Amino acid sequence: MNSELYLDANATSPVLPAAIEAATAAMHTCFGNPSSSHAAGLRAKALLDATRATARRVLGAASGRVMFTSGATEGIQTAVLSALCALRERRARGEASGDLLLYGATEHKAVPESLAHWNRLLGLGLELRALPVGRDGRHRLDALRELAPRAAFVCTMAANNETGVVSDLDGIAAVLNETASPALWMVDCVQALGKLPLQLDRTRIDYAPFSGHKLYAPKGIGLLYVREGAPYTPLMCGGGQEAGQRSGTENMSGIAALGAVLHALETGGAFRSHGQLLALRDRLAGALREAFPGLVFNAPLEQTLPTTLNFSVPGVSSKELLDVFDAAGVRVSAGSACSAAKAAPSYVLDAMGVAGDCSASAVRLSFGPLADDAFIDAACERILRCGRALLGARPPARLQQLESFGASGWLLFDDAGTECIAIDPPAALAPRIAADLRARCCRLLACFDTSHGAGGADALAELMDMTPGWPGQGAGIALGDDLLVQRGDAFLFGRAQDGVLESDQVRFVFGASSVDSAANAALYCHRIGEPAVSRSGVEALPDDGIDLDAVSAAAYLEAHPDALLVDVREIPEHTAGAARLHGRAAHHVPLSQLAGQAAQWLDQPRPLVFVCRSGNRSARAARTLRRLGHAQCWHVAGGLALASV
Ligand code: PLP
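I will try to describe carefully the structure that is included in this document. Fair warning: this is a prediction, and the values are worked out from it, not measured in the lab.

1. So, helix 12 (residues 373-391)
Part 1 of the argument: Here helix 12 is 19 residues long and its end C-alpha atoms lie 27 Å apart, about the 27 Å a rise of 1.5 Å per residue gives.
Part 2 of the argument: Those residues of helix 12 not exposed but buried are Ile 376, Ala 379, Cys 380, Arg 382, Ile 383, Cys 386, Gly 387, Ala 389 and Leu 390.
Part 3 of the argument: Buried residues along helix 12 sit in contact with strand 1 (5-6), helix 8 (274-291), helix 9 (318-327), strand 11 (330-331), strand 12 (362-366) and helix 16 (571-576).

This is how it looks when you write it as structure tokens:
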């Protein structure tokens, strides 16, 4: 396996060794409660005070409140609650205040969600309004100027977590100051710490939340700055810790760790300077351009953090890119970590007006200011490897499954991969298929939808300059020595003898509405759903018990030397990093080619253990084989991600 190169620092960062040491030392020697008056408590209190003093110097916040929180979401919550309580009091006193809660359209979800939550809970009924950003990702100052007189509270981040776009805070402050009674102002500074200069005292920012885990401190520790005189309402009440501003016994190990990071920032030397980071990023950007011709950066590099690159490779989905990067041991993400599980297009890129195809292929690469030349050298080398893996030649497969949003289509190739037939191709994949066939100099003989088809054949046919639909010859379409013929609503494919396809030679059936209408040995290829293939006359075996965790997979492989370990990741992932498990190299059959391979495993059964990146595709492969009647197939739950730890 490849060693891991972590390039997802905007999601979270590793922990600075000095921070780990400081946290451990705090647990050993400063485990006391800083509110206790005995020596153990006083030692903890001294650490707390010293860390706050360092934070004040690093943030340029000699005045105002600086308190420890559990992270930025809590800081945002506290700021929103404070501002909204103040607005409610103003209203109760009959004082004028705006009616808009204004937030940047690209803010982290913690901001609009907190605004909506507290607005509802406090019964304020204020209007939430997203402040638009331009194509460059920066807040539109003209829109702000128009809305500012109505704004009661304004939230604009210092730098965006997905794109790295740095906000024009001076410009925003100037516009806010144009109004007679300026709104309260929160600036989410999470991505700015350690990457942009901060002098909070010199700004008119009212609230600034920070999060430790974005800059080499552990999760669960953060800071909130509140300008002197800005309204404040505690979110948590109880024992009166943090001078009554935030109750709850302090997270001393987290505070000690954050203190070590702040100390490193203050003393300098540990972290790269802005200029050095820019030079490192330029090298990464160069490697990306070389690896993926046609690549576009989704935000202007001169206006983004020196540690973030958000890019798209037209025609290649984020998922494909992430899979290849992951296979090469490079950890990047498609957008914010909080949205990663939702597989939705990026609202940040949408707000910037980035075209849908670029947004669907966006990848974020981010690193921390500890990065050095050796790390960037290794990252550039891996990026180039990923490019070669993704764009390199693909060996042709006889039967290739095409999948898009749950719909399956099929490509049938001749042995040499020079001729092909497309059946039910998903429309969304048409440009990709067309480009791929052209690159392989492969002739598309026919392109049609079966009675289950969703009309994707038209899109592909148009791109390939041909007429869609079953050509309708009585004898069918010859593909090398094979033949595809129509029988009712089904299309049968197999080896032809004297130009005729006999039932016992049928290998695949497409578009059939039932699975008992044709040859027994054939695999029925479905257009939607799972399994992608089934067999008539075979009793599907239940798929309970197909999961093997990493330990039981190792034991199983050891006890069954005849078992075949099969990597079902796609070709570029396999090329970027071949799979090994417990010293065994995996045989490679991409999931998209499983249907073509399955018959062989059914004819000569042997135990099969499927593996993929995270366990989803391998589970599908094992379920498919069980439903085809193969009793001895399993998969590695959690995939290579867990098995290789
Ligand atoms: N704001 C921004 C810009 C972020 O990137 C994040 C984390 O992704 C947050 C807020 C939330 O921070 P935390 O995880 O500390 O609650």
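2. Some thoughts on the nonpolar core
Part 1 of the argument: Counting 55 residues, the largest nonpolar core has Leu 59, Leu 102, Trp 185, Leu 200, Phe 210, Leu 223 and Val 261 as its most contacted members.
Part 2 of the argument: Not counting residues up to four positions away in its chain, the partners in contact with Trp 185 are Phe 153, Val 154, Thr 156, Leu 169, Ile 172, Ala 173, Leu 176, Arg 204, Ile 205, Asp 206 and Tyr 207.
Part 3 of the argument: Core analysis: the next-biggest nonpolar cluster, separate from the first, contains 38 residues, Phe 508, Leu 523, Ala 532 and Val 533 among them.

3. What to know about the pairing of strand 3 (residues 100-104)
Along a regular strand, successive side chains alternate from one face of the sheet to the other.
Part 1 of the argument: Counting buried positions along strand 3 gives five out of five residues, so the element sits mostly inside the fold.
Part 2 of the argument: Neither face of strand 3 is left uncovered, since the one carrying Leu 100, Leu 102 and Gly 104 and the one carrying Leu 101 and Tyr 103 both have all their residues buried.
Part 3 of the argument: Summarising the sheet, strand 3 and strand 4 (residues 127-131) pair through five bridges and their orientation is parallel. Paired with Tyr 103 across the two strands is Ala 130, which belongs to strand 4.
Part 4 of the argument: Where the polypeptide runs from strand 3 across helix 4 (residues 110-121) and back to strand 4, its parallel neighbour, the crossover connection is right-handed.

4. Considerations on the sheet that holds strand 29 (residues 633-636)
Part 1 of the argument: Strand order in this open sheet of five strands is 23-29-28-24-27, and the pairing throughout is parallel. Whereas interior strands pair on both sides, the edge strands pair on one side only; in this sheet they are strand 23 (547-548) and strand 27 (587-588).
Part 2 of the argument: Across two bridges, the pairing between strand 23 and strand 29 is parallel. The residue bridging Leu 548 from the neighbouring strand is Val 636, located in strand 29.

5. Remarks on the side chain of Arg 281
Part 1 of the argument: Residue position: Arg 281 is located in helix 8.
Part 2 of the argument: Within the buried set, Arg 281 has no salt-bridge partner at all; the shortest N-O distance to an opposite charge, 5.0 Å, is to Asp 282.
Part 3 of the argument: Contact partners of Arg 281, with chain neighbours within four places excluded, come to Leu 301, Thr 304, Leu 305, Pro 306, Thr 307, Thr 308, Leu 309 and Phe 367.

6. So, the side chain of Ser 82
Part 1 of the argument: Looking at the element boundaries, Ser 82 is found in helix 3 (residues 72-92).
Part 2 of the argument: By relative accessible area, Ser 82 is classed as buried at 1%.
Part 3 of the argument: Each residue touching Ser 82, except ones within four places of it in the same chain, is listed here: Tyr 207, Pro 231, Tyr 232 and Thr 233.

7. A few points about the site of the ligand
Part 1 of the argument: In the vicinity of the ligand, the contacting residues are Gly 71, Ala 72, Thr 73, His 108, Met 157, Asn 161, Asp 188, Val 190, Gln 191, Ser 211, His 213 and Lys 214.
Part 2 of the argument: At 2.9 Å from an oxygen atom of the ligand is found a main-chain nitrogen or oxygen belonging to Ala 72.
Part 3 of the argument: Within the contact set of the ligand, an oxygen atom lies 2.9 Å away from a side-chain nitrogen or oxygen of Gln 191.

8. Considering the environment of Trp 410
Part 1 of the argument: Tracing the chain through its elements places Trp 410 in strand 14 (residues 407-413).
Part 2 of the argument: For the pair formed by Trp 410 and Gln 400, sequence separation is ten residues and the distance between their alpha carbons is 5.7 Å.

9. Section: the packing of helix 3 against helix 4
Part 1 of the argument: Two elements in contact, helix 3 and helix 4, have axes whose closest approach is 9 Å; the angle formed by their N-to-C orientations is 40°. Considering their axes alone, helix 3 and helix 4 lie oblique with respect to each other. In this structure, the crossing between helix 3 and helix 4 has a hand that is right-handed. Where helix 3 abuts helix 4, its residues Thr 73, Ile 76, Gln 77, Val 80, Leu 81 and Leu 84 lie against Ala 110, Val 111, Ser 114, Leu 115, His 117, Trp 118 and Asn 119.
Part 2 of the argument: Split into classes, the residues belonging to the contact of helix 3 with helix 4 amount to eight nonpolar, five polar and no charged.

10. A look at the environment of Glu 462
Part 1 of the argument: Checked against the element boundaries, Glu 462 lands in helix 14 (residues 456-463).
Part 2 of the argument: Look at Glu 462 and you get exposed, because its relative accessible area is 65%.
Part 3 of the argument: Once the C-alpha coordinates of Glu 462 and Leu 565 are considered, the two residues, 103 residues apart in sequence, prove to be 41 Å apart.

11. A closer look at empty space enclosed by the protein
Part 1 of the argument: Taken as a whole and judged by the stated rule, the model has two cavities of 30 Å³ or more.
Part 2 of the argument: Of the volumes computed, that of the largest cavity is approximately 110 Å³.
Part 3 of the argument: Around the largest cavity, the lining residues are Gln 401, Trp 410, Gly 529, Glu 530, Pro 531, Ala 532, Val 533, Leu 591, Leu 594, Ala 595, Arg 620 and Thr 624.
Part 4 of the argument: Where the lining of the largest cavity is concerned, the elements lending two or more residues are helix 17 (594-603) and helix 18 (616-627).
Part 5 of the argument: When its residues are assigned to classes, the lining of the largest cavity shows seven nonpolar, three polar and two charged.
Part 6 of the argument: One number sums up the size of the second largest cavity: a volume of about 30 Å³.
Part 7 of the argument: If you trace the second largest cavity, you find it lined by Thr 106, Gly 137, His 139, Met 157, Ala 159, Asn 160, Val 165 and Ser 167.
Part 8 of the argument: Taken together, the residues of the lining of the second largest cavity break down into three nonpolar, five polar and no charged.

Parameters and conventions
- Residues numbered from 1 in each chain as written.
- Predicted model: local features only at pLDDT ≥ 70, side-chain atom pairs only at ≥ 80, totals over all residues.
- Heavy atoms only, no water.
- Helix = DSSP H or I, 4+ residues; strand = E, 2+ residues; numbered from the N terminus.
- Expected span 1.5 Å × (residues − 1).
- Buried < 20%, exposed > 50% of the residue type's maximum accessible area, 1.4 Å probe, protein only.
- Contact = heavy atoms within 4.5 Å.
- Core = buried A, V, L, I, M, F, W, Y, C linked by side-chain atoms within 4.5 Å.
- Pairing = 2+ DSSP bridges.
- Right-handed = clockwise from strand over helix to strand, strands pointing away.
- Lys, Arg positive; Asp, Glu negative; His and termini not counted.
- Salt bridge = Lys/Arg side-chain N within 4 Å of Asp/Glu carboxyl O.
- Near = heavy atom within 4 Å.
- Polar contact = N/O pair within 3.5 Å; in protein donor to acceptor, adjacent residues only side chain to side chain.
- Axes fitted to C-alpha atoms, helices over the stretch in contact; angles between N-to-C directions.
- Parallel < 35°, antiparallel > 145°, perpendicular 65-115°, else oblique.
- Left-handed = near helix turned anticlockwise from the far one by under 90°.
- Nonpolar A, V, L, I, M, F, W, Y, C, P; charged D, E, K, R; others polar.
- 1 Å grid on protein atoms, 1.4 Å probe; cavity = no way out; pocket = protein on both sides within 12 Å on 5 of 7 lines; lining within 4 Å.
- Points joined across faces, edges and corners; volume = space filled by probe spheres on them.

That's the geometry; what it means functionally is another story.
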